Structures are given as structure tokens and as C-alpha cells.
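# Overview (structure and organization)
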Amino acid sequence: MMFIGTYEHNLDGKNRVILPAKFRKGLGDEFVYKLHASKYPSIQLFNAEEFEKTRDEALLRARSPIEKRNVLAEFHLGADTASCDSQGRVVLSQLVTESAEIEKTCIFIGFGDYVEVMSPANYRKYLASITESNAADEQALEDEKNVYRKYQAEGKFLNAGI
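Please read these numbers as outputs of a predicted model, since none were measured by experiment.

### Thoughts on the overall build of the protein
Scanning the protein from N- to C-terminus turns up 5 helices and 8 strands. Counted from the first residue to the last, the protein has its helices and strands arranged as β-β-α-β-β-α-α-β-β-α-β-β-α. Burial status across the protein gives 33% buried among its 162 residues. Restricting to contacts in the protein with at least 6 residues of sequence separation, those with at least 24 account for 58%. Element-wise, carbon and sulfur atoms account for 51% of the exposed surface of the protein, whose accessible area totals about 10,300 Å².

### Focus on the nonpolar core
Of all hydrophobic cores here, the largest spans 21 residues; its most connected members are Ile-43, Leu-45 and Phe-108. Counting only elements with at least two residues in this core, the list comes to helix H1 (21-27), strand S3 (31-36), strand S4 (42-47), strand S7 (105-110) and strand S8 (115-118). Considering each element in turn, this core owes the most residues, 3 residues, to S3. Phe-51, Ala-62, Val-71 and Phe-75 belong to the second largest nonpolar core, which has 8 residues in total.

### Considering the packing of helix H2 (residues 48-61) against helix H3 (residues 65-76)
Between two packed helices, the angle of one axis relative to the other and the distance separating the axes together describe the packing. Across the interface, H2 lies against H3 with an axial gap of 8 Å and an inter-helix angle of 160°. Viewed along their axes, H2 and H3 adopt a mutual orientation that is roughly antiparallel. Taken as a pair, H2 and H3 cross one another with a handedness that is right-handed. Counted together, Phe-51, Thr-54, Arg-55, Ala-58, Leu-59 and Arg-61 of H2 and Glu-67, Lys-68, Val-71, Leu-72, Phe-75 and His-76 of H3 form the full contact between these two elements.

About the criteria used
Residues numbered from 1 in each chain as written. Predicted model: local features only at pLDDT ≥ 70, side-chain atom pairs only at ≥ 80, totals over all residues. Heavy atoms only, no water. Helix = DSSP H or I, 4+ residues; strand = E, 2+ residues; numbered from the N terminus. Buried < 20%, exposed > 50% of the residue type's maximum accessible area, 1.4 Å probe, protein only. Contact = heavy atoms within 4.5 Å. Areas by Shrake-Rupley, 256 points an atom, 1.4 Å probe, with all protein chains shown as cover. Core = buried A, V, L, I, M, F, W, Y, C linked by side-chain atoms within 4.5 Å. Axes fitted to C-alpha atoms, helices over the stretch in contact; angles between N-to-C directions. Parallel < 35°, antiparallel > 145°, perpendicular 65-115°, else oblique. Left-handed = near helix turned anticlockwise from the far one by under 90°.

See below:
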């Protein structure tokens, strides 16, 4: 199943949050969640099969025992299994939600093979970084085209491919 969509839900006082219905079926009765420690900390939710596949692919790319240990740490430190109660709620550990900087509200984002859960602040920062990155890529492409056009005008290229 491909996870698509963005949803906002609130944690209750017992650290439970409603898992969007659209994601429940794909995650299965029991799924894995883990902390994704990055510039924009979040929680990643995987069905058990996808978790193992993603972890095993990362282990295959590891070139040294230290890299393998780091992969295992990335996938298992702060990881746990979870399931939804009859109301579609899941309990997330306080340690993981705090580490992901999630206080009350969380944003669920379908990322194809998995679901990511972010605080609203980290979600906004993440979106801004994508926008900035895309703008920088577009500017770099335009700069490159200008260089080609200049060289073509000077007769240094027969076909600039633009």
C-alpha cells in the first residue's frame, strides 16, 4: 500500500493519538514506530514487513561494522511496536514524542512506503527547506543555462542542448 496524504491530530493526556483511518489498513494490526533523529525530528511508522525491508537495505549499504552499528541504532533505538485500540488510537512513548518535539498536535504525512509524524513547527520548517532547496536548484539550473548560452554565442559549442 502506498501512504499518501497529510492529516493533523492531537495527542491526549495519555499520549494517545488517532491514527488516520487511511493509514491504519496499510500499517496492519501491529506496526513499528521509530524516532527519526534528523534536522527535523519526527516519528516514522512502518508496517512490520516494510520496517524489516528498509532496515535490511540500509544494512546492505553499510560498509563497516561501525556503519552497521549506526544503522541498527537508527532503526532500533527508540523503536517499538504498536497497535490501534478500538477507537483507532495509538499510544506513542513519551520519550519518542518528546525527542520528536511533539507536544500536543502532530502532523501525519504519507511518504509512500511509510508514514511520518511531525510537530507542526518541524513540518513548517521541513516544507520551507524543500521550497528553498527547489528555488536553489532552479537558480543553479538557470545559471548553468546562461553559461551554455554564453559559450554557444561565443561559438564554443555547436549544440548547447537548450
